[in-house]
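# Observations on chain architecture
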Amino acid sequence: MDQVNFLPGTDNGGALRQMEPRKPTNTMHVMREPLFIRGWMAPCAAISVRILGVLLLAASPSAAQDAGGTAATAAERCPGDNGAITLPPGFCATVFADHVGHARQMVVAPNGVVYVNTWSGTYYRNDTPPPGGFLLALQDTTGDGRADVVVRFGPGADSGNAGGTGIALYKGALYAETNDRIVRYPLSPGGIAPSAPPDVIVSGLPLTGDHPMHPFRIDAEGALYVDLGSATNSCQVANRMPNSPGIQPCTELETRAGIWRYDANRTGQRFSPAERFATGLRNGEGIAFDSAGRMFVTQHGRDQLRENWPRLYTPKQGADEPAEELLQLERGADYGWPYCYFDLAQHKLVLAPEYGGDGGKAVGPCADKRAPVAAFPGHWAPNDLLLYDGRQFPAAYQGGAFIAFHGSWNRAPLPQGGYNVVFQPLADGKASGPFVVFADGFAGAVKEPGQAAHRPSGLAVGPDGALYISDDQRGRIWRVSYRGPATAAIAAAPAPSSRTDSSAPGAAVPPEGIHPDAGSQAAGALPTPPGATSEEVALGRRIYEGQIASAPCAGCHGTDAKGSPLGPDLTSGQWIWGDGSLAAIAHTITVGVPQPKKYGPPMPPMGGAQLTPSELSAVAAYVWALGHRSGG
């Protein structure tokens, strides 16, 4: 029997209608909003003013302009805080849904129902997903930009399933990735969620290694294009280990790091190398088609140039390179991985160090690989791609690319980047101008995987032209609409404020800003391990933070050392390797973690930094102190 829960309200007034009970199925968990009106004790006069304002806005198509014929201010058009993100003038966001699980990619049906695939597992520290199926159907029945009906369906964690990323609609059916397969659910006319079991379209897709997800898209003729990301970072003999050469030739390309093509109309297909459509794509999570039928894909550039090849790259090069890419996808094309990467500073493909590269000078066979249509800063992580074909946004956005950047971890010791949605204008399949940051502020105060409030992951457009953005950190979905003139030019979102009171009159802050937690882990507040000194602990902290030896420790473990999807919490007092003694910690740092027990990416020796014996001892002392701090 279905479980009925209540979906928390997120509006600033108004009512969400409770839906009539639906007949339960044994695969659905239904969440419905109860009937309520917030602010019911507000003065009647204030309510009247609000209603009058709504009536005036609805009365005339020129309501978006003031009496002088100029566009109304963004504040007048966009009440609320846009769900804590920033957008260009005229654009507004509502929190369409919240806390729905690790929401990955989405698709919107012609009737406005939003379908979402959610994921679980190691990347999310094996946390407990919401009860019910990993697939969701969300519907706004009141027109206020918020889902008041959420139906969960499909297999859940109790069946051993882990969910997935990819999702699509084709010929009135819903296609979704689940574990190692892509399945098809029939949708009934007028229904929200399917009740019949799915057909298996493709099975046996690889699940091992660094990129086990399977995003996909289906074209108008029914060709099903599936991204099979690489199992490794750069096809090394020892994955992510310093100075380890690349396997020659990279046999991984036979079954990974490319796009595979299947038939969306056929059931019972099995994965094999024969269906490979294009190669040399380390991880092409975003796939989209333009109005001319051209296919585009995003590529996650490789990691750890500096950590694995410290003699060839500076810390800044390690943070900035290689570029993330937007590519035009063609049958039989080779986009270079693992032999090549796209150097953003030089704007060209260069030879990877695993295959004889010298830090960005040598080109070699990379001259014959496919270069991108557009390039973006390194390690921003493009998780989805949408070519806008709606009619709600200004004409300048027509045919351009929205890209959801999940956010970096591999820019330490430099600041992390991404955690935004950008817009890249395109014309005739090529970049027609520089990209702009369209939506920002998702991460909140800290741009790090473990501390970010939200991380953009999926994009979809509704039949009315609204843009949906998903977050796989805390399961929020935004609906972005436009209320300005159709002739508006492309514009960037305002930079999010780092302090809520920074615009207050008389608010004086130093140029570098104010950091309330600066000193919360001062060395004096940490215990000193036996045989070490407080000075060593203080030195270890500076090394950990990247102030010395360009150590990238915080990239995986977080600046607060409380861990991320890439590295364990060092403050918990629990030790995965060794007994937690100073000697055991020093040994783990020295040899690295080539085969993690609970986390995906291996840790190279010394984290990829070049540490002297005294610096190594200091870092070990600092990590010991973190784990033995009172309350840690």
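A brief look at the structure comes next. (Residues numbered from 1 in each chain as written. Predicted model: local features only at pLDDT ≥ 70, side-chain atom pairs only at ≥ 80, totals over all residues. Heavy atoms only, no water.)

The next subject is the state of the cysteines. Two cysteines form a disulfide when their sulfur atoms are joined by a covalent bond. Under the counting rule described, the total for this entry stands at 2 disulfides. Shown here is the disulfide that connects C235 with C250, its sulfur atoms set 2.1 Å apart. Its torsion about the S-S bond being 100 degrees, the disulfide of C235 and C250 is classed as right-handed. In this pair, C235 is assigned in the loop between β13 (223-228) and β14 (258-263) and C250 in the loop between β13 and β14, connecting sequence segments 15 residues apart. Its relative accessible area of 1% is what places C235 among the buried residues. (Disulfide = S-S within 2.5 Å. Helix = DSSP H or I, 4+ residues; strand = E, 2+ residues; numbered from the N terminus. Buried < 20%, exposed > 50% of the residue type's maximum accessible area, 1.4 Å probe, protein only.)

Along the chain, R479 turns up in strand β31 (residues 477-482). Along the chain, R479 and N82 lie 397 residues apart, while their C-alpha atoms are 9.2 Å from each other. If near-sequence neighbours (up to four positions away) are discounted, R479 is found in contact with C92, A93, T94, F96, G145, D464, A466, L467 and Y468. Side-chain polar atoms of R479 contact the side chain of D464, separated by 2.4 Å. Within the structure, the side chain of R479 is placed 3.4 Å from the side chain of Y468, a separation counted as a polar contact. (Contact = heavy atoms within 4.5 Å. Polar contact = N/O pair within 3.5 Å; in protein donor to acceptor, adjacent residues only side chain to side chain.)

Now for the packing of aromatic side chains. Scanning the entire structure with this criterion turns up 30 aromatic pairs. Both rings, one in F393 and one in F402, keep their centres 6.1 Å apart while their planes meet at 80 degrees; by these two values the pair is edge-to-face. Assessed through its relative accessible area of 4%, F393 is described here as buried. The class for F402 is buried, based on a relative accessible area of 0%. Aromatic pair F402 and F423: ring centres 4.9 Å apart, planes at 55 degrees, arrangement tilted. In this pair, F402 is assigned in strand β24 (residues 401-405) and F423 in strand β25 (residues 420-424), connecting sequence segments 21 residues apart. (Phe/Tyr/Trp six-rings, centres within 6.5 Å; stacked < 30°, edge-to-face > 60°.)

Residues of helix α7 (residues 582-591) that are buried: A584, I585, A586, T588 and I589. In this fold, the buried residues of α7 make contact with α8 (613-628). A positive phi of about 80 degrees marks G592, the residue just after α7.

So, on to helix α5 (residues 534-544). Burial in α5 covers these residues: V537, G540, R541, I543 and Y544. Down the axis of α5, the sector holding all buried residues measures 160 degrees, keeping them to one side. Close packing links the buried residues of α5 with α6 (553-557) and α8. Looking at the residues trailing α5, positive phi occurs at G546, about 85 degrees. (Arc of directions from axis to C-beta.)

Time to look at the pattern of salt bridges. Applying the stated criterion across every chain yields a total of 18 salt bridges. The salt bridge involving R479 is made with D464; its shortest N-O contact spans 2.4 Å. You can see R479 sitting in strand β31 and its partner D464 sitting in the loop between β29 (456-461) and β30 (467-471), a full 15 residues away along the chain. For R479, a relative accessible area of 16% corresponds to the buried category. Given the relative accessible area of 38%, D464 is considered partly exposed. (Salt bridge = Lys/Arg side-chain N within 4 Å of Asp/Glu carboxyl O.)

The next point concerns the sheet that holds β14. Strand order in the open sheet made by the 4 strands is β12-β13-β14-β16, with antiparallel pairing throughout. Where the open sheet ends on each side, the last strands, each with one partner, are β12 (216-218) and β16 (276-279). Between one strand axis and the next, the sheet turns by 20 degrees as a mean value, whatever way the strands run. Where β14 lies against β16, 3 bridges are found, and the strand directions are antiparallel. Among the inter-strand pairings, I259 is bridged to a residue of β16, identified as A278. (Pairing = 2+ DSSP bridges. Axes fitted to C-alpha atoms, helices over the stretch in contact; angles between N-to-C directions.)

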